Amino acid sequence: MWKGMSRRHSLLEPLDKRPAKNSKLLRLTASGGPVFSRADFADPFTDVTAKAGVAGGGWSVSAGFFDYDNDSHLDLFVTRYMEWDTKHSKACGGAWRTYCPPAEFPATTNLLYRNRGDVKKGRALGVAFADYDDGFMDVFVANDGMQQYLFHNNGNGTFTECGLESGAALSADGKPLSGMGTVFQDYDNDGKPDVLVTVLPREIYGLYHNDGAGLFTARSLETGLGTLTAGSSGWGIGLEDFDDDGWKDLLVAQSHVLENVEAIDQSLHYLEPPLLALNQNGRFERADSGITIPVAGPGLAFGDLNNDGWMDAVLTVLGGHPLVLMNHGGKRHWLTITLRGTRSNRDGLGARVRVNGQTRFATTGGSYLSSNDKRLHFGLGDANTATAEIWWPSGTRQTVKDVRADQFLEIREPEQS
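Residues numbered from 1 in each chain as written. Predicted model: local features only at pLDDT ≥ 70, side-chain atom pairs only at ≥ 80, totals over all residues. Heavy atoms only, no water.

As a further point, take the overall build of the protein chain. Per the secondary structure count, the protein chain includes four helices and 32 strands. Across the 417 residues in the protein chain, those meeting the buried criterion constitute 54%. (Helix = DSSP H or I, 4+ residues; strand = E, 2+ residues; numbered from the N terminus. Buried < 20%, exposed > 50% of the residue type's maximum accessible area, 1.4 Å probe, protein only.)

Structure, rendered in structure tokens:
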């Protein structure tokens, strides 16, 4: 299905080489906090971190934009890993020198810009967004070596962390996860967003099924993730319909955190190939990705790079060049939607879109240390036409019928509800 290739220079050819006026680029550093740059045509990149008020400092990791108060302006969530600096670094492991587990250092707060409510400390790595109950975007945070966080949007500018009571904080047997990357989308086509979390080996990637009414159930074993992931470390992750059959498949960047792990435990491997698992009516089965090269792959971003209707991916490699994974495609049909908000934010981030029984939430966030194509891709299987339903952040509901398959469609939000 995939063809891997490494490039030394330009990885992606943008659709429009001129950046939109006042478009933004967020770059995260490991120890100095987020760097926020503004791109415009005359001056390609200008550091406006301090001016924008986002110079939070600390060990920032993942970030994403979402409109948490539905005011049409995108807000920013930044995960931070722990309280650490070079002056307080140390080694662990005894006979085998290893990185220290996160519990050796104090937890720290995440950053939500524009939120003046409560703060909650964690050891956060990944973040993803979706509305799981009431029309306002909620936040899932993957924490390392502790409970996972689910921040419920109260709709009044504040959030309530409810991971434990919702059932999305621990494994099925009540243990904390080494949460790394995460995705917040609907894997079983019931219209409700579910959560997947990548973890270290000897654990199982977490899958929390959205049961409705604000409750989640751990279903890692029932969906096949036990067999697929118990011996692997996962990082970047995505749910995308790679074979266009109408079911979202799983692609995961994998590699152990310790370079010397094979000397410690010969059953584990530092370098691993990415995992591709096709979705068979809600159960994941390993598939041949065509990528046999084991790598240390943390970041994984998704999009249709060559605009052929088949989802591709870019895998970052520690100590090497990124891999561009091109999907060879097939004969099934597809539809890719670009949202244009009028009353909602310009890109329609936070919208819920349903096409022929498959639901996606409009977001560029998720995975790990990555940002994804804002367009929404839907596999249509053998269908030649589609009906698209959009629930905009403004509250407007829109239906577009008799849409021809195999096209890139722009849908503009009605000016009036």
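So much for the structure itself; the text now carries on.
A general trend in soluble globular proteins is that nonpolar side chains are found buried together. Judged by nonpolar contacts, the single largest core of 31 residues is most densely connected at Phe184, Tyr208, Leu250 and Phe284. Top element by residues in this core is strand 16 (residues 194-197). It accounts for three residues. Phe378, Ala386, Ala388 and Ile411 belong to the second-largest nonpolar core, a separate cluster that totals 18 residues. (Core = buried A, V, L, I, M, F, W, Y, C linked by side-chain atoms within 4.5 Å.)

What the four strands build is an open sheet, ordered 28-27-30-31; its pairing is antiparallel. Edge positions in the open sheet fall to strand 28 (358-361) and strand 31 (397-404), since each of these has one partner strand only. Taking the axes of each pair of neighbouring strands and ignoring which way they run, one obtains an average angle of 20° across the sheet. As paired strands, strand 27 (residues 352-355) and strand 28 are joined by four bridges and run antiparallel to one another. Directly across from arginine 352, in strand 28, lies its bridge partner phenylalanine 361. (Pairing = 2+ DSSP bridges. Axes fitted to C-alpha atoms, helices over the stretch in contact; angles between N-to-C directions.)

Read across the open sheet, the three strands follow the order 5-6-8; overall the sheet is antiparallel. Across the chains shown, the open sheet's two edge strands, defined by having one partner strand only, are strand 5 (60-66) and strand 8 (111-113). For this sheet the average axis-to-axis angle between neighbouring strands, irrespective of direction, equals 15°. Alignment of strand 6 (residues 75-80) against strand 8, held across three bridges, turns out to be antiparallel. Within strand 8, the residue paired with leucine 76 across the bridge is tyrosine 113.

Position of threonine 109 among the secondary structure elements: in strand 7 (residues 108-109). Take threonine 109: its relative accessible area is 15%, and that puts it in the buried class. Among the polar contacts made by the side chain of threonine 109, one reaches the side chain of arginine 80 at a distance of 2.7 Å. (Polar contact = N/O pair within 3.5 Å; in protein donor to acceptor, adjacent residues only side chain to side chain.)

This part covers the side chain of serine 344. Structurally, the position occupied by serine 344 is in the loop between strand 26 (333-340) and strand 27. Side-chain polar atoms of serine 344 contact the backbone nitrogen of serine 394, separated by 3.0 Å.

Attention now moves to the state of the cysteines. As enumerated under the stated definition, the model contains one disulfide in all. The partner cysteine of cysteine 92 in its disulfide is cysteine 100, sulfur to sulfur 2.1 Å. Around the S-S axis, the bridge from cysteine 92 to cysteine 100 shows a dihedral of about 95° and counts as right-handed. Given a relative accessible area of 19%, cysteine 92 falls into the buried group. (Disulfide = S-S within 2.5 Å.)

For the structure on display, the rule yields 16 aromatic pairs. For the ring pair tyrosine 149 and phenylalanine 151, a centre distance of 5.7 Å and an interplane angle of 70° mean the geometry is edge-to-face. As far as burial versus exposure is concerned, tyrosine 149 and phenylalanine 151 are alike and both buried. On the numbers, 6.2 Å between centres and 40° between planes, the contact of phenylalanine 242 with phenylalanine 302 is tilted. A residue pair is termed long-range when its members are at least 10 positions apart, and phenylalanine 242 in the loop between strand 19 (234-240) and strand 20 (249-254) and phenylalanine 302 in strand 23 (residues 300-303) qualify at 60 residues. Take phenylalanine 242 and phenylalanine 302: they sit in the same class, and that class is buried. (Phe/Tyr/Trp six-rings, centres within 6.5 Å; stacked < 30°, edge-to-face > 60°.)

This part is about the environment of tryptophan 392. Here tryptophan 392 is to be found in the loop between strand 30 (385-391) and strand 31. For the pair tryptophan 392 and glycine 341, spaced 51 residues apart in sequence, the C-alpha separation works out to 8.0 Å. The residues contacting tryptophan 392, other than those within four sequence positions of it, are Leu339, Arg340, Gly341, Ser344, Gly348, Ala351, Gln398, Ile411, Arg412, Glu413 and Pro414. A distance of 2.9 Å separates the side chain of tryptophan 392 from the side chain of glutamine 398, its partner in a polar contact. (Contact = heavy atoms within 4.5 Å.)

Now for the pattern of salt bridges. Using the criterion set out here, one finds 14 salt bridges in the structure. With its nearest N and O atoms 3.3 Å apart, the salt bridge here joins glutamate 240 to arginine 360. Here the residue glutamate 240 occupies a position in strand 19, and arginine 360 occupies one in strand 28, the gap between them amounting to 120 residues. Owing to a relative accessible area of 9%, glutamate 240 belongs among the buried residues under this scheme. Aspartate 373 is the partner of arginine 375 in a salt bridge, and the nearest nitrogen-oxygen pair spans 2.9 Å. In this structure aspartate 373 comes out as partly exposed when scored by relative accessible area, which is 24%. Within this structure, Arg340, Arg346, Asp347, Lys374 and Glu410 form a network of salt bridges that share partners. (Salt bridge = Lys/Arg side-chain N within 4 Å of Asp/Glu carboxyl O.)

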